[in-house]
Every structure is written in structure tokens, then in C-alpha cells.
Amino acid sequence: MNITPQTLSLTALGKQLRSGALTSRRLIETHLDSVQRFNPSINAIVSIDADRALAQADHWDQQFALGRSLPALAGIPIAVKDNLCTKSGTTTCGSRMLRDFHSPYDAHVIEKLHEHGAILFGKTNLDEFAMGGSTETSIFGPSHNPWDPDRTCGGSSGGSAAAVAAGLVPASLGTDTGGSIRQPAAFCGVCGLKPTYGRVSRWGLVSYASSLDVAGVFAHSVEDLAIVLQAIAGHDPRDSTCLPHEVPDYLSTIDQSSVRQTENIRSTRIGVIRDQIESPGLDEQVRRSLKDAIETYRKLGAQIVDIEMPHSKYCIATYYIIAPCEASSNLARYDGVHYGFRSKGPEASTLDRMIQQTRSEGFGPEVRRRILLGTYALSAGYYDAYYLQALRVRRLIRQDYDDAFAQVDALLGPTTPQPAFRLGEKINDPIQLYLQDLFTVGANLAGVPALSIPIAQSSDRLPIGMQLQAPPLGEAKLLAIAAAYHRSVEHQPTIPAAFQAPQS
Ligand code: GLN
């Protein structure tokens, strides 16, 4: 079986498995083979339990043979970011601190994947503790962009994006605190969805910034995003911020009938944040592609509305106070006593010094920077000036979103300022990396759902993404609007030729 974009569609795979044209064992073996051949060049997957995956495949094959009606993802491999706790294997967060950590429980999203039949197919690379935008700070080394191995695949869920882009898995899970699903999706030319804050449980998602973190999906098509979201969304009493609302049928809202689709899009109002499209920092090819996409929506009959978000200029500053503050508090638990790494150095002779030494050796420089920033901003005397002030501005940013969504159904804009940058290009300049988050952090601060879909390729064949955002719990509409665009331009998912080589 050769891996092509067609063989990666979850619907197509489901049909083949049900008809008996394909067995789950064959599917898993094919993907294990791809991982062996291609993963060394992109470093997307950091651990895999092949025996377990094959045993699960055999289980599902038996069920298929009995002709049972099975859940949507039965027998299908899905990779997950290595900050989602899994009982099997390690959950490292890409950090020395958790290098040997075995979680005693599965994250809620992992339980849900199992419930829906998916086969856990490896853990993916990430920036240490999901802090970053280029997947370069992991103890496992950087991931590489399948479209150009000299370039970053974005971050922090870069491994999950690259694994899907290179065809190592048909879909994967990532987490998004300030853009970590949407940015790597844009850089790697795949679809990536960050759900509404609270739509998906954070139970078992290793906390970075709890008021912003959410787990989401990477796949080759908007339909596939819907299928996986359907599986992982829903209430979980173990996460007090998880929403109790009913989970709608996402796939059926992405109306399969093109006629109805046109009617739906006619009644849709799409807001364009002018400041973003006209932003001087935006790459010209990205700008042009977005303007073409706006034209496509206009031709489909959507109403295009200019939107102002007066506080969006404060998004980065606000985010880079709130996220490090929450990180400094969340990461206090790594003290050499409760979890993971403990320094054995001769300096670690007293409890205080052991904790100090453990944290100095266990965390990498970017994580240490965030802890210091957060601790400073939360300390007596600065709390009001920084943290409280940032919370107030966050409220204003949310108000901008509420005002915008009183006028439109969705907001359209860039996902990233430019296509994938080179590995090493920004890693020594944190501010430059933080500025990559310009267009994505707003959705996290406001808690709204957002996705990125591929819309074009740059002159040097690098993918370009478009971001769409919707009101809280507006995933169904968001997915429908994105799918309408892909259908109208007859978007064909592609994977780079080097990863489609026939099997030997
Ligand atoms: N780049 C952002 C950060 O470093 C976002 C990371 C994320 O979404 N996990 O905080």
C-alpha cells in the first residue's frame, strides 16, 4: 500500500476497513514502515509502541470480520503530542524534566480516542512544555518541515503537524495555547483546529497556561478535522473549565450537498480584520493569497465585512504576561520530589539546593525564561502593574471579539506573518519568535475556536495558511465555512513527493 493523500482520508480509510478492502493490521504496518523510512529526516515522532498498535489493529480486524457496527475511528492510527498523558510509553513534554515520566492515566482526549476506536500511534515532538513556535527546543532535537527540511515546521505542536504532512499518520492531536496548532498547520500545509476553550477536556494535558490551553486536531481535510473533533469533544467533570454543552454533529453541518452549501455560504458574513491583511509585517505572497481567498468567498456569495479590533495590537504583550505567569505557577510542581528528574549533582546536598539544581538542569533556557518572567510579573509590587493589567486588557480583547461576532459569523485573516522560516533563524531571538504569534494569540485570549487551512504555496513551494475564527462553540459553522472554501477551489491535499515514494 502506497501512502497518498487519498489513502489518508479518514472517511476513505473507514470505508475500506469496513468493506474488507483493507485491514487495520496492514494499515498500521504501512505506517510503521513510513515512520521507519521517513521519520529520521523530519523527527516528527519521538516514541512509538509498535507491538501495542499492532495488537489493537488485530482486535479491530476481528471486530470488522464479525460485521459489527464500529465507531468512526476504529482501526485508524492517530499520533498525539507528547504533552498529552498516555498510560502506555512516556509523556516527556520534550523536556529533560520528564524524560522518563510514565503517566499513571490517560488524558481525557486519549480515552475518547480509544472509545472511538482510534489506535494510538506514537507521540510527537514539541517545543519543551509547548513553549515556542518552531519545535526547536525539545530534548529530542528539532523537527524538520517536510516541504523543506532546512525549515521549521512551526510549533509548538510541530511534530504532530509534520507527521500528518509527511503522511506518517492520517491525523494527529496537538495543543494550542497561543497558536501551537494553527501555526504548524500553516507551515506544513495541513488543516489544524483549535477548539473553543473548554470544548475539549484538559484532563491529562500537561498544563502550560491553564486559562489558554486546549487540545485540538491536525488532518488533511476539514471533514477529517470534524471527525476527530467529534471524537474528542465533550464534557468531563474532571476539568472544571470543561463545558457541559451538547456536542453537535460536526460532519453533517459540513453539508455534503454542494447546492445547500452555496445557500449556506450566501447567508454567511465573513469579517476581514483590515489591520491584519494590511499589516506591513505580512509577507506579500501571504497577503495576495488571502486577498484571493476573500474574492473566492465573495464569489460564493458571502458578505465580506471590514472589521476593526482596536485592542488586537495589545494581544502579544497581554499573552506574554498571562502565559508566563500561569506557566511559572504550573511548573512549580517540578521540584525533583513529585515528578521526573532529580539532580544528583554534589551541590544538591540540601532540599533547597536540590530543588534549585533540579530546576536549573531539568528545564531548558526558554522554559526557564518563562518561569522567570512569570515569577517576576506575579511578585508583590508588580502583580497589579503587569498581571492584573494584562487581565483587564484581555477582557477588552474579548470585547472586541464579541463586538465583531455581533456583526459577522467568522473572521478571516493570516495564520502566520510569512511561510515557514529557517531552522535556527529565530531561536536566539525570543522576541522575534514571540512576534510570530501576532495573529493567533487573540483566539486563545478570547477563548474562541479558530482553524488554519492551506490556501496556497509560495514561489519556493512553501505552504501558506489562512486563519478563520468563530464565536465560542461555533465550531460547526467554522468548519462549514472552511470546507466551503476548500470545495470551491477544489483543494487537493498533497504530501511532498519525497514522502510518497513507493514501498520497496
Ligand atoms: N508560541 C506560543 C508560546 O510560545 C504559543 C505556544 C502554544 O500555543 N503552545 O507561548
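Structure's up top.
Here the structure is a predicted model, which is why all the values come from computation and not from measurement.

Quick notes on the rules
- Residues numbered from 1 in each chain as written.
- Predicted model: local features only at pLDDT ≥ 70, side-chain atom pairs only at ≥ 80, totals over all residues.
- Heavy atoms only, no water.
- Core = buried A, V, L, I, M, F, W, Y, C linked by side-chain atoms within 4.5 Å.
- Buried < 20%, exposed > 50% of the residue type's maximum accessible area, 1.4 Å probe, protein only.
- Contact = heavy atoms within 4.5 Å.
- 1 Å grid on protein atoms, 1.4 Å probe; cavity = no way out; pocket = protein on both sides within 12 Å on 5 of 7 lines; lining within 4 Å.
- Points joined across faces, edges and corners; volume = space filled by probe spheres on them.
- Helix = DSSP H or I, 4+ residues; strand = E, 2+ residues; numbered from the N terminus.
- Nonpolar A, V, L, I, M, F, W, Y, C, P; charged D, E, K, R; others polar.
- Pairing = 2+ DSSP bridges.
- Axes fitted to C-alpha atoms, helices over the stretch in contact; angles between N-to-C directions.
- Salt bridge = Lys/Arg side-chain N within 4 Å of Asp/Glu carboxyl O.
- Phe/Tyr/Trp six-rings, centres within 6.5 Å; stacked < 30°, edge-to-face > 60°.
- Lys NZ or Arg CZ within 6 Å of the ring centre and 35° of its normal.
- Arc of directions from axis to C-beta.

Participant: Requested: an account of the nonpolar core, with residues and values cited.
Facilitator: Ranked by size, the top nonpolar core spans 99 residues in total, and within it Tyr297 and Met466 carry the most contacts. Excluding residues within four positions of it along the chain, Met466 makes contact with Leu290, Ala293, Tyr297, Leu412, Gly413, Thr415, Leu451, Ser452, Ile453, Ile455 and Tyr485.

Participant: Quick rundown of the layout of surface pockets? Include the residues and the values.
Facilitator: Taken as a whole, the largest pocket spans an internal volume of roughly 420 Å³. Along its surface, the largest pocket is lined by 19 residues, and His220, Ser221, Glu223, His491 and Pro493 are the ones closest to its centre. When residues of the lining of the largest pocket are traced back to their parent elements, those giving at least two are helix H7 (222-232) and helix H18 (475-488). Across the lining of the largest pocket, the residue classes tally to six nonpolar, nine polar and four charged. Here the second largest pocket is characterised by a volume of approximately 350 Å³. Elements represented by at least two residues in the lining of the second largest pocket include exactly helix H10 (274-277), strand E8 (303-307), helix H12 (315-330), helix H15 (383-407) and helix H17 (441-446). The residue makeup of the lining of the second largest pocket, split by class, is 11 nonpolar, six polar and six charged.

Participant: Got a sec to walk through the sheet that holds E8? Specific residues and values, please.
Facilitator: Read from one edge of the open sheet, 11 strands run E1-E3-E2-E4-E6-E5-E10-E11-E9-E7-E8, paired in mixed fashion. Of all the strands in the sheet, the pair left with one neighbour each is strand E1 (45-47) and E8. If you compare each strand with its neighbour and ignore which way they point, the axes differ by 30° on average. Alignment of strand E9 (residues 410-414) against strand E11 (residues 463-469), held across four bridges, turns out to be antiparallel. Bridged to Gly413 within E11 is Gln467. Packed on one face of the sheet, helix H11 (residues 284-299) meets strand E7 (269-273), E8, E9, strand E10 (450-457) and E11 and runs near 50° to E11.

Participant: Residue-level account of the pattern of salt bridges, with values.
Facilitator: Counted under the stated rule, the structure contains 20 salt bridges. For Asp33, the salt bridge identified is with Arg37, shortest N-O distance 3.6 Å. Highlighted residues: Asp33 and Arg37, both in helix H2 (residues 24-42), separated by four residues, approximately one helical turn.

Participant: Go over the packing of aromatic side chains with me, naming the residues and quoting the values.
Facilitator: All chains considered together, the criterion is met by 16 aromatic pairs. Residues Phe101 and Tyr339 carry aromatic rings whose centres are separated by 5.9 Å and whose planes lie at 75° to one another, so their mutual orientation is edge-to-face. Of this pair, Phe101 sits in the loop between strand E2 (77-81) and helix H4 (108-115) while Tyr339 is found in the loop between H12 and helix H13 (351-362), placing the two residues 238 residues apart along the sequence. The exposure class assigned to Phe101 is buried, which follows from its relative accessible area of 16%. With a relative accessible area of 32%, Tyr339 lands in the partly exposed category. With a centroid separation of 5.7 Å and an interplanar angle of 85°, the aromatic rings of Phe187 and Phe421 are classed as edge-to-face. Placement of Phe187 in helix H6 (residues 182-188) and of Phe421 in the loop between E9 and helix H16 (430-435) is noted, with a sequence separation of 234 residues between them. Taken together through their ring pairs, the aromatic side chains of Phe101, Phe129, Tyr334, Tyr339 and Phe363 make up a single cluster. The ring of Phe421 has Lys426 sitting right over it, with the charged end atom 5.1 Å from the ring centre.

Participant: So, helix H1 (residues 10-19): which residues are in play, and what are the values?
Facilitator: Among all positions of H1, only Leu10, Leu13, Gly14 and Leu17 are buried. What you see down the axis of H1 is that its buried residues fit within an arc of 100°, all on one side. Exposed side of H1, more than 90 degrees from the buried face: Lys15 and Ser19 are the residues found there. Buried residues in H1 make contact with H2, helix H3 (50-65), strand E4 (171-175) and H7.

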